[in-house]
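# Architecture at a glance
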Amino acid sequence: MAGALPWVRAATEGLPAVPEPGPRVCACCHGPSGRGFARCFHCCLHEESAPGLLADVVAPVAFAPKGSRLATDLWLYKSDRPGAREAGETLLAMLLVFLHEEGPRVWQRAGIPAPACACVVPSGRGRPGPHPLQTLVRGYLALPWVPLLARGADTWGRALDPGRFCAPGSVTGQAVLLLDDTWTSGGTAQSAAVALKRAGARSVAVVVAGRHRGEGARAPGSARPAPPVNRLDR
């Protein structure tokens, strides 16, 4: 693990630290929230749309502002372009160091001693085969993998869609580590959490490599209209 630290330092150098939830910081995704609101605009919508079925904790490894090296690596590692392997190695090092050093605190916040299985948020682009993030980390996590399947075309974009994914098998009573590479609005990751909770998961802990900045800063009631949300009660 010591050899991974220079990569981690290089990838996160100059990036803003991920703040703890508190005033003006979302209690869910750690992004900016409106004055007087515990959650950001998108996370409030998620809570209204799927009460009791969202992830129990969301833990960003780092912020990834537009134009940063980390934002570039998060796009590049999934491609076949030059530098993809190096980008993947950097992200792998970041995730492994974070899980080793911060994992116990994340599990505590999720109310579990440790995850019993792992899962990756499926790609919204319909990419065939295992998700690149799963390919990257599966040889380093001593956990069984839980598959999630996309149900048809992705018609909701970044909004939470409770019917977007399904778990083909039961995870009844299991604590699931749900990995994602990027978090913009959080709708895709929370859609995956809903699918796992519906399949019986006791707890879902989301660990996301890079949380993009610039989304979710407004609170409900602001001038920006809400994105489309597929509510459970519709």
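Not measured: the values here are computed from a predicted model.

### Remarks on the overall build of the chain
Secondary structure summary: the chain contains 6 helices and 6 strands in total. In the chain, the order of α-helices and β-strands from amino to carboxyl end is α-α-β-α-α-β-α-β-β-β-α-β. Here the chain holds 234 residues, and the buried ones make up 50% of them. Contacts in the chain between residues at least 24 apart in sequence constitute 76% of all its contacts with a sequence separation of at least 6. For the chain, the accessible surface area stands at approximately 11,100 Å², while carbon and sulfur atoms represent 54% of it.

### Thoughts on helix α4 (residues 84-110)
Here α4 spans only 33 Å end to end across 27 residues, well under the 39 Å set by a 1.5 Å rise per residue. Along its length, α4 shows its largest kink, about 65°, at Glu 102, and proline Pro 104 lies within four residues downstream of that point. Looking one or two residues past α4, Gly 111 carries a phi angle of roughly 80°, positive in sign.

### Describing the environment of Lys 66
Its place among the elements puts Lys 66 in the loop between β1 (57-63) and α3 (69-76). Sequence spacing of Lys 66 and Arg 213 is 147 residues, and the spatial spacing of their C-alpha atoms is 7.2 Å.

### Details of the nonpolar core
With 34 residues, the main nonpolar core has Leu 70, Leu 133, Val 137, Leu 179 and Val 207 as its most contacted residues. For this core, the element with the most residues is α4, which contributes 11 residues. The residues touching Val 207, leaving out its near neighbours within four places in the chain, are Ala 59, Val 61, Leu 95, Phe 98, Leu 99, Leu 177, Leu 178, Leu 179 and Asp 180. Cys 28, Phe 165, Val 176 and Ala 193 belong to the second-largest nonpolar core, a separate cluster that totals 28 residues.

### Focus on the pairing of β1
Burial within β1 is extensive, with 7 of its 7 residues counted as buried. Here β1 pairs with strand β6 (residues 203-211) via 6 bridges, running parallel. In the strand pairing of β6, Ala 59 is matched with Val 207.

### Things to note about the packing of α3 against α4
With their axes 8 Å apart at the nearest point, α3 and α4 run at an angle of 115° to one another. With respect to each other, α3 and α4 are oriented roughly perpendicular. α3 and α4 meet at a crossing whose hand is left-handed. From α3, Arg 69, Leu 70, Asp 73, Leu 74 and Leu 76 reach across to α4, where they touch Ala 84, Ala 87, Thr 90, Leu 91 and Met 94.

### A look at the pattern of salt bridges
In the structure shown here, the tally under the stated rule is 8 salt bridges. Of the charged contacts, one joins Arg 105 and Glu 102 as a salt bridge, the two residues approaching to 3.3 Å between their closest N and O atoms. Of this pair, Arg 105 and Glu 102 both sit in helix α4, 3 residues apart, which is roughly one turn of the helix. The class of Glu 102 is partly exposed, set by a relative accessible area of 27%. Through salt bridges that share partners, Glu 20, Glu 102 and Arg 105 make up one connected network.

### Topic: unusual backbone geometry
Within the chain, Arg 24 stands out as a residue other than glycine whose phi angle is a positive 70°. With relative accessibility at 42%, the residue Arg 24 sits in the partly exposed group. Positive phi is not limited to glycine here, since His 30 has a value of about 70°. Looking at the element boundaries, His 30 is found in the loop between α1 (5-12) and α2 (41-49).

Reading the values: rules and limits
- Residues numbered from 1 in each chain as written.
- Predicted model: local features only at pLDDT ≥ 70, side-chain atom pairs only at ≥ 80, totals over all residues.
- Heavy atoms only, no water.
- Helix = DSSP H or I, 4+ residues; strand = E, 2+ residues; numbered from the N terminus.
- Buried < 20%, exposed > 50% of the residue type's maximum accessible area, 1.4 Å probe, protein only.
- Contact = heavy atoms within 4.5 Å.
- Areas by Shrake-Rupley, 256 points an atom, 1.4 Å probe, with all protein chains shown as cover.
- Expected span 1.5 Å × (residues − 1).
- Bend = angle between axes of the 7 residues up to and from the residue.
- Core = buried A, V, L, I, M, F, W, Y, C linked by side-chain atoms within 4.5 Å.
- Pairing = 2+ DSSP bridges.
- Axes fitted to C-alpha atoms, helices over the stretch in contact; angles between N-to-C directions.
- Parallel < 35°, antiparallel > 145°, perpendicular 65-115°, else oblique.
- Left-handed = near helix turned anticlockwise from the far one by under 90°.
- Salt bridge = Lys/Arg side-chain N within 4 Å of Asp/Glu carboxyl O.

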